[in-house]
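Chain by chain, the residues:
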Protein chains: 2
Amino acid sequence: MATIRDVAKEAGVSIATVSYVLNNTKHVSEETRRRVLEAARKLGYRPSNIARGLRARRSHALGYSWRPMPGGEINVILDTFLESMAIAAARHDYHIIAYPTTTESDEVQFYRDLVEAERVDGFVLSNTNYDDPRIRFLLDAGVPFVAFGRSNPDWDFPWVDVDGAAGMRKAVEHLVGLGHTRIAFIAWPEGSLSGEERLRGYLEGMEAAGLSIDEAWVLRGEMRHEVGYEAARVFMRLPAARRPTAIIAVSDLMAVGAMNALADMGIRVGHSVAVVGFDDIPMARYLRPPLTTLRQPIADIGEKVIDMLMKHLAGEEPEQCHVLVEPELVIRASTMPDT
Amino acid sequence: MATIRDVAKEAGVSIATVSYVLNNTKHVSEETRRRVLEAARKLGYRPSNIARGLRARRSHALGYSWRPMPGGEINVILDTFLESMAIAAARHDYHIIAYPTTTESDEVQFYRDLVEAERVDGFVLSNTNYDDPRIRFLLDAGVPFVAFGRSNPDWDFPWVDVDGAAGMRKAVEHLVGLGHTRIAFIAWPEGSLSGEERLRGYLEGMEAAGLSIDEAWVLRGEMRHEVGYEAARVFMRLPAARRPTAIIAVSDLMAVGAMNALADMGIRVGHSVAVVGFDDIPMARYLRPPLTTLRQPIADIGEKVIDMLMKHLAGEEPEQCHVLVEPELVIRASTMPDT
DNA sequence: AGCGTTGGGTGAAACGTTTAACCGATCGGG
DNA sequence: CCCGATCGGTTAAACGTTTCACCCAACGCT
């Protein structure tokens, strides 16, 4: 494997000149520049990332860790998110170290290890929440990072997030446009930032439409199919005048639970009762009926996150460090009565 | 950040001694050993991975790349696979660099880059196929790697794979046990190694049960929902005497297509016609009816792959370098007439 | 003419480890 | 008693870069 010394000898210059040419970091004459480039090409030289990192104190790697979904559920965005990040990072000659964290205690420990062993120059976080210990640690340690998701409002750090509230407002608006007035909502337990955002969007949407909300229309539960299933059954057992004609779930998985409950009760989804989810999981379009849902622009977010992080690492102040993107309402048959 | 020199000074020894103690690579007296460990602990020292790598010519990282699923489909195993690999690798102080490759041409280029820039010590491959250019390259370049999946029989390299044929034999056996004799199969186009394996399992299973196969019972097509949908329609249009009472699909996605086609034709899945898939995608258990399918032990495979790769990197000869694991048949209502 | 400046290039230090070579002291065997 | 081996430790070279300090020649300006 050719080193910078081989290239220097081949081109008849010093190793310093080779370095300057290759990094474009100092002016050299066109003639020598050409010779160096030619020599490097001929020898198939590429700088050793390790040696480069030692001197420049840069590993040229970014860490991304996620929490495995509870209950063995699949992380539907991981695939797309990793892909978009890796491609964006590659443009800056950076790579992504991927790591799932299990318990919350070793979560912070993992970040500390990676930083102290100089394995990464920065981090991407996702699934953030209030009082997120990872964010607290990274802020305290002064390690560059960008989060996909928000946290405490008084913590100042760069993030990109999906506007779940706006998404849910869109969903309500869509249902109201179809004539629904009694719309129920299946939420997550309190304490989830994104969960509360989505709930807020529902409440605001209802208010904007001038609709009052029956207290029985909001149920909370863990992110599980069964929870959606049970919630729908409870809704349908309400007296006719209070019974919802549409159900919005905070996630597709729970929406599927609701759809299955309705089907088991002999209620036609879409025709009699509309259902809306959130995520656009791959299966959503193949469900019977296909599920209306909110799609997060994951690929855009991955790219944006990396761009912001690269700016951060380069020491530049990014023009915007809080980015809120709107999810897209994908309308399918689960909210279309005429199919 | 404390360096090895700080620790040496604190413990009153040379940096060499510190290194020997920390790496357990030479015998030192119990007394000094204790002092060094104490000093390291006190200063919160951890060796810089970069510096260590430069000298030892090791990056302590492994590369894993996958191809994004065609047609925007999700990679259902990525999540679990990455997780199990990262955990297994961490036990050896190794990390995983994740990278999706897009076109086949830059696929090999990506491997070359990573090797030449000394960013990784070895690779994990998945989605392998006949004449896989990545395998060819890595073999030629002498780079350590372990594959999840097989390739040309005359290429000698370590791999772990799921025995798709055995899985399909199990599926056939299960259906035969339920009284089915006319069983159809939805396959992938020719040229896919795992696809042909699964088809072979179906053929063998049928033969073992003494059942003859109508040529109309095997249809091929791309990995798409629509393909499964159309195939099921074709099967159901056969004259009653030749019409299958059970359909096995080479993947869950195509099985879902078949299920939807049957439902749209007013045929009760599970009751009238049984359907079996392959993968156990997360949604499989929530489908109506829930889908009988073959589950690959992904977590075990991830761990096994890393263990083999670590052995390989350590220069030890692994006791077994070809591992074939059987998928598990998960029986659900799509093949149970009595629900 | 003298002098600062600029363009184009070199020499060598530094980054933080690992490890080969070496060294003194102690000890056991012939 | 002497020689080789062993134990416990040190010195210093090496890994392949980046980059600071410096140098020389040419040049423009007073």
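Everything numeric in this text was worked out from a predicted model, so none of it was measured.

As for the protein's contact with DNA strand C
As a matter of local geometry, DNA strand C sits amid 29 residues, with Thr17(A), Lys26(A), His27(A), Ile4(B) and Ser19(B) nearest to it. Atoms of DNA strand C within 4 Å of the protein belong to the sugar or the phosphate in 53% of instances, the rest to bases. Ser19(B) places a polar side-chain atom, nitrogen or oxygen, 2.6 Å from a phosphate oxygen of DNA strand C. Looking at the surface near DNA strand C, the elements with two or more residues in it are α2 (15–23) and α4 (49–56) of chain A together with α1 (4–11), α2 (15–23) and α4 (49–56) of chain B. Ranked by residue count, the leading element in the surface near DNA strand C is α2(B), at 5 residues.

Let's talk about the domain arrangement of chain A
Residues and elements named next belong to chain A. As assigned here, chain A comprises domain 1 (4–162 + 299–324) and domain 2 (164–296 + 329–335). Every contact between the two is made by 9 residues of domain 1 and, on the other side, 11 residues of domain 2. For the pair domain 1 and domain 2, the summed buried surface comes to about 880 Å²; carbon and sulfur atoms form 66% of the total. Per-residue buried area on domain 1 facing domain 2 is highest for Val-76, Tyr-130 and Val-162; these three make up 47% of the total on that side. At the junction of domain 1 and domain 2, the tally comes to 1 salt bridge. The residue Glu-197 makes a salt bridge to Arg-150 at a minimum N-O spacing of 3.7 Å. Put simply, domain 1 and domain 2 have 3 residue pairs in polar contact (both at pLDDT 80 or more) between them. Broken down by class, the residue content of the side of domain 1 that touches domain 2 amounts to 5 nonpolar, 2 polar and 2 charged.

Examining empty space enclosed by the protein
According to the stated counting rule, one finds 2 cavities of 30 Å³ or more in the structure shown. Lining the largest cavity we find 21 residues, and of these Asn49(A), Ser59(A), Asn49(B), Ser59(B) and Arg119(B) sit closest to its centre. Those elements giving two or more residues to the lining of the largest cavity turn out to be α4 and β2 (95–100) of chain A together with α4 and β2 (95–100) of chain B. For the lining of the largest cavity, a count of residues per class yields 6 nonpolar, 10 polar and 5 charged.

Some details on the packing of aromatic side chains
The final tally for this structure, using the stated rule, is 16 aromatic pairs over all chains. Ring plane angle 25° and centroid distance 5.9 Å describe the contact between Tyr64(A) and Trp66(A), whose orientation is recorded as stacked. Considered together, Tyr64(A) and Trp66(A) belong to a single accessibility category, that of buried residues. With a centroid separation of 5.2 Å and an interplanar angle of 70°, the aromatic rings of Phe110(B) and Tyr111(B) are classed as edge-to-face. We note that Phe110(B), like Tyr111(B), is buried. Across the ring face of Trp159(A), the terminal group of Arg150(A) is positioned such that the distance to the ring centre comes to 5.4 Å. Arg198(A) extends its terminal NZ or CZ atom over the ring of Phe278(A), reaching a point 3.7 Å from the ring centre.

Let's talk about the packing of α4(A) against α4(B)
Orientation of α4(A) relative to α4(B), taken along the N-to-C sense of each, is 135°, at an axis distance of 8 Å. As far as their axial angle goes, α4(B) and α4(A) are oblique. Between α4(A) and α4(B) lies a crossing of left-handed hand. For the pair α4(A) and α4(B), contact is made by Ile50(A), Ala51(A), Gly53(A) and Leu54(A) and by Ile50(B), Ala51(B), Gly53(B) and Leu54(B), respectively. Looking at the contact of α4(A) with α4(B) residue by residue, the class counts come to 6 nonpolar, 2 polar and no charged.

Topic: the sheet that holds strand β7 (residues 218–220) of chain A
Residue and element names in this part refer to chain A. Spatially, β7-β6-β8-β9-β10-β12 is the arrangement adopted by the 6 strands of the open sheet, whose pairing is mixed. Strand pairing shows two members of the sheet lacking a second neighbour, β7 and β12 (328–330), which therefore form its edges. The average undirected angle you get between the axes of adjacent strands in this sheet is 20°. Packed onto the sheet, helix α9 (residues 193–208) meets β6 (183–187), β7, β8 (246–249) and β9 (274–278) and runs at close to 170° relative to β6. Seen against the sheet, helix α11 (residues 252–264) touches β6, β8, β9 and β10 (292–295) and runs at an angle of roughly 160° to β9.

Points about the protein's contact with DNA strand D
The local shell around DNA strand D holds 30 residues, among which Ile4(A), Ser19(A), Tyr20(A), Thr17(B) and Lys26(B) are the closest. Taking all atoms of DNA strand D within 4 Å of the protein, the share assigned to sugar and phosphate is 51%. Contact distances for DNA strand D include 3.5 Å between a phosphate oxygen and a backbone N or O atom of Ser48(A). Interatomic distance of 2.7 Å between a side-chain N/O atom of Arg57(B) and a phosphate oxygen of DNA strand D. Elements that contribute at least two residues to the surface near DNA strand D include exactly α1 (4–11), α2 and α4 of chain A together with α2 and α4 of chain B.

Here's the deal with the interface of chain A and chain B
Counting from both sides, the interface comprises 56 residues of chain A and, opposite them, 55 residues of chain B. Taken together, both faces of the contact between chain A and chain B bury some 5,000 Å²; the carbon and sulfur share is 62%. Considering only the side of chain A, the residues that lose the most area to chain B are Ile50(A), Arg119(A) and Tyr286(A), jointly responsible for 15% of the buried surface there. The interface formed by chain A and chain B holds 8 salt bridges in total. A salt bridge links Arg119(A) to Asp93(B); the nearest nitrogen and oxygen atoms lie 3.4 Å apart. Where chain A meets chain B, there are 20 residue pairs in polar contact (both at pLDDT 80 or more).

About the thresholds
Residues numbered from 1 in each chain as written. Chains lettered and ligands numbered in written order. Predicted model: local features only at pLDDT ≥ 70, side-chain atom pairs only at ≥ 80, totals over all residues. Heavy atoms only, no water. Near = heavy atom within 4 Å. Polar contact = N/O pair within 3.5 Å; in protein donor to acceptor, adjacent residues only side chain to side chain. Helix = DSSP H or I, 4+ residues; strand = E, 2+ residues; numbered from the N terminus. Domains from an automatic or database assignment. Contact = heavy atoms within 4.5 Å. Buried area = accessible area lost by both parts, 1.4 Å probe. Salt bridge = Lys/Arg side-chain N within 4 Å of Asp/Glu carboxyl O. Nonpolar A, V, L, I, M, F, W, Y, C, P; charged D, E, K, R; others polar. 1 Å grid on protein atoms, 1.4 Å probe; cavity = no way out; pocket = protein on both sides within 12 Å on 5 of 7 lines; lining within 4 Å. Points joined across faces, edges and corners; volume = space filled by probe spheres on them. Phe/Tyr/Trp six-rings, centres within 6.5 Å; stacked < 30°, edge-to-face > 60°. Buried < 20%, exposed > 50% of the residue type's maximum accessible area, 1.4 Å probe, protein only. Lys NZ or Arg CZ within 6 Å of the ring centre and 35° of its normal. Axes fitted to C-alpha atoms, helices over the stretch in contact; angles between N-to-C directions. Parallel < 35°, antiparallel > 145°, perpendicular 65-115°, else oblique. Left-handed = near helix turned anticlockwise from the far one by under 90°. Pairing = 2+ DSSP bridges.

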